[in-house]
Amino acid sequence: MILITGGAGYIGSHLAMVLLEKGRDIVIFDSLELGHIEIINILKKYGNVKFIQGNLKKLDDIRGAFLVNKIDSVVHFAAYSQVAESVKNPQKYYYNNVYGTLNLLNAMIEFGVKKVVFSSTAATYGEPEYVPIDEKHLQRPINAYGSSKLTVEKIMDDYDRAYGLKSVRLRYFNVAGADSKSRIGEWHEPETHLIPNILKADETKIFKMFGDDYDTPDGTCVRDYINVEDLADAHIKALEYLNNGGGTDYFNLGTGNGNSVKEVFDACEEVLGRKIPLEVCPRRDGDPAKLVADNKKARSILGWKPERSLLDSIKTAEAWEKSLQKIKSGIIL
Ligand code: UDP
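Just so it is clear, the model here is predicted, and its values are computed rather than measured. (Residues numbered from 1 in each chain as written. Predicted model: local features only at pLDDT ≥ 70, side-chain atom pairs only at ≥ 80, totals over all residues. Heavy atoms only, no water.)

Explanation requested: the sheet that holds strand β11 (residues 249-253) in the structure shown.
Hydrogen bonding along the main chain pairs the strands of a sheet, whether they run parallel or antiparallel. Read across the open sheet, the seven strands follow the order β3-β2-β1-β4-β5-β6-β11; overall the sheet is parallel. In this open sheet, the two edge strands, each paired with only one partner strand, are β3 (49-53) and β11. The mean inter-strand angle of the sheet, taken between neighbouring strand axes irrespective of direction, is 20°. Relative to the sheet, helix α3 (residues 59-68) contacts β1 (2-5), β2 (26-30), β3 and β4 (73-76), its axis offset from that of β2 by approximately 170°. Here helix α8 (residues 228-243) sits on the sheet and contacts β1, β4, β5 (115-121), β6 (166-172) and β11; the angle it forms with β6, its principal contact strand, is near 160°. (Pairing = 2+ DSSP bridges. Helix = DSSP H or I, 4+ residues; strand = E, 2+ residues; numbered from the N terminus. Axes fitted to C-alpha atoms, helices over the stretch in contact; angles between N-to-C directions. Contact = heavy atoms within 4.5 Å.)

Given below as structure tokens:
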């Protein structure tokens, strides 16, 4: 069985759905602090999901998951991931993302589980020295979120040398979109990400564009928006890679193309077929002007490639927003 930590969250639930559709049995371990029980209940309709509510900060919670299930590999999503919050409260980030992961890895070693796919991030690179960013780019994070993820990457190297733990670290760029059948999608409270914030905007909640004076063609930040279903496929490929005897490695996951905030905004207006109220605001702290992935390594070693466009991501995100309203109002149970 595959253990998915954070499987009630955004990216973890999309991997869970893909595995269930492939007929795989999965165990989801999630504290439900940020994940949603409604997502677990939806996943249960599509296959054999065992759900354990637990906290990685409690060693016995995660040991329990290994004790009662035959787990052969782990995909580890559970983490805090808000950059601004991590700057204000690094303690929370190191305690959860590093100490929580240590408990997970220690339980894995204790139970002889030696394969893990880990959600890492482009934030481990920090301010880019060049774009597109390849995996050789220096990792010099500029916030506690990126540092917590980089620390885990280093721990995983040491655990491979000492205990033979094989890890694949997937460094995500900007994840976007939702399940193409609108069953699951992005659900953060509060929402901070660009596409859902644009789609949720209306006359009472004006969309705030953070800065239009960057050194980019239209003055707004450029990001590489990778579709969440493409991302889930990369995790499947990473699991196959480890099952085929692949060694510890790390890969960027992005499309290789950048889009500006203005371009994303225009595309959202096109999908919605209406004008979205917009206010240009000052820059948000810690936003680099441009982050774009070089994804050649994932293409050549994992045999993965992104298939879905930015427009696909916006369309599925928009359809999911409608499902989410129904879930929140109890219409979908
Ligand atoms: N952004 C924005 N308004 C929002 C949310 C985000 O202008 O309400 C901008 C943000 O400044 C960044 C880009 O959109 O340039 C992507 O931000 P997001 O938070 O989605 O992802 P991040 O790049 O921080 O991982």
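Having seen it, we continue.
Is there a simple way to think about the pattern of salt bridges in this case?
Two side chains with opposite charge may pair up if their charged atoms get near one another. Counted by the stated rule, this structure contains 25 salt bridges. Its salt-bridge partner being R183, residue D179 comes within 2.9 Å of it at the nearest N-O pair. Classification of D179 by relative accessible area gives buried; the value is 3%. Here R183 falls in the buried class, since its relative accessible area comes to 12%. In this structure, K328 and E189 form a salt bridge, with 3.3 Å as the shortest nitrogen-oxygen distance. Of this pair, K328 sits in helix α11 (residues 310-328) while E189 sits in the loop between β7 (174-176) and α7 (194-200); the two residues are 139 residues apart in sequence, bridging distant segments of the chain. (Salt bridge = Lys/Arg side-chain N within 4 Å of Asp/Glu carboxyl O. Buried < 20%, exposed > 50% of the residue type's maximum accessible area, 1.4 Å probe, protein only.)

I tried to follow unusual backbone geometry on my own but got confused; where do I start?
With the exception of glycine, the majority of residues adopt a negative phi angle, and the majority of peptide bonds are in the trans configuration. Residues V131 and P132 are joined by a peptide bond in cis, for which omega reads -10°. Positive phi values are uncommon outside glycine, yet L32 reaches one of about 65°. L32 gets classed as partly exposed once you look at its relative accessible area, which sits at 21%. Even without glycine at this site, S182 takes up a positive phi of about 60°. In this structure, S182 sits in the loop between β7 and α7.

Would you mind showing me how to read the site of the ligand here?
Looking at the ligand, there are 15 residues lining it, with L194, K208, F210, R284 and D287 nearest. Taking N197, its side chain carries an N or O atom lying 3.1 Å from an oxygen atom of the ligand. Between the ligand and D287 there is a distance of 2.6 Å, counted from an oxygen atom to a side-chain nitrogen or oxygen. In isolation the ligand offers 520 Å² of accessible surface; the protein chains occlude 87% of this area. Every element with two or more residues in the shell around the ligand is listed here: α7 and β8 (207-210). The element that contributes the greatest number of residues to the shell around the ligand is β8, accounting for four residues. Across the shell around the ligand, the residue classes break down as seven nonpolar, four polar and four charged. (Near = heavy atom within 4 Å. Polar contact = N/O pair within 3.5 Å; in protein donor to acceptor, adjacent residues only side chain to side chain. Areas by Shrake-Rupley, 256 points an atom, 1.4 Å probe, with all protein chains shown as cover. Nonpolar A, V, L, I, M, F, W, Y, C, P; charged D, E, K, R; others polar.)

What should I look at first to understand the packing of helix α9 (residues 261-272) against α11 in this one?
Two quantities define a packed helix pair, namely the angle between the axes and the distance from one axis to the other. Relative to each other, α9 and α11 sit at 55°, their axes nearing to 10 Å. The angle between α9 and α11 places the two elements in the oblique class. In terms of crossing hand, the pair formed by α9 and α11 is right-handed. Facing V264, A267, C268, E270, V271 and L272 of α9, the residues of α11 in contact are L310, L311, I314, K315 and E318. (Parallel < 35°, antiparallel > 145°, perpendicular 65-115°, else oblique. Left-handed = near helix turned anticlockwise from the far one by under 90°.)

Quick question: what am I supposed to make of the nonpolar core here?
Burial of nonpolar side chains together is a common tendency in soluble globular proteins. The biggest cluster of nonpolar side chains holds 46 residues, and the ones touching the most others in it are I4, I26, L43 and L170. Element by element, the count of residues in this core is highest for α8, at nine residues. Apart from the residues within four sequence positions on either side, L43 is in contact with G7, S13, A16, M17, L20, I28, V49 and I184. L3, F29, A65 and I71 belong to the second largest nonpolar core, which has 23 residues in total. (Core = buried A, V, L, I, M, F, W, Y, C linked by side-chain atoms within 4.5 Å.)

Looking at this model, I keep getting lost on the environment of M156. Mind explaining?
Here M156 lies in helix α6 (residues 144-163). Taking the relative accessible area as the measure of exposure, M156 reaches 0% and is therefore buried. For the pair formed by M156 and A234, sequence separation is 78 residues and the distance between their alpha carbons is 19 Å.

Would you take a moment to explain helix α1 (residues 10-21) for this structure?
Helical periodicity: at 3.6 residues per turn, an α-helix aligns residues three or four positions apart in one direction. With 12 residues, α1 should reach 16 Å at 1.5 Å per residue; the first-to-last C-alpha distance of 17 Å fits that figure. Extensive coverage of α1 is indicated by the burial of 11 of its 12 residues. Inspection of α1 places Y10, I11, G12, S13, H14, L15, A16, M17, V18, L19 and L20 among the buried residues, and these make up the whole buried set. Looking at the residues trailing α1, positive phi occurs at G23, about 85°. (Expected span 1.5 Å × (residues − 1).)

Sorry if this is basic, but what is going on with the packing of α1 against α8 here?
Relative to each other, α1 and α8 sit at 65°, their axes nearing to 9 Å. The handedness of the crossing between α1 and α8 is right-handed. Touching Y10, I11, H14, L15, V18 and L19 of α1 are V228, L231, A232, D233, H235 and I236, all from α8. Each residue belonging to the contact of α1 with α8 can be placed in one class, and the counts come to nine nonpolar, two polar and one charged.

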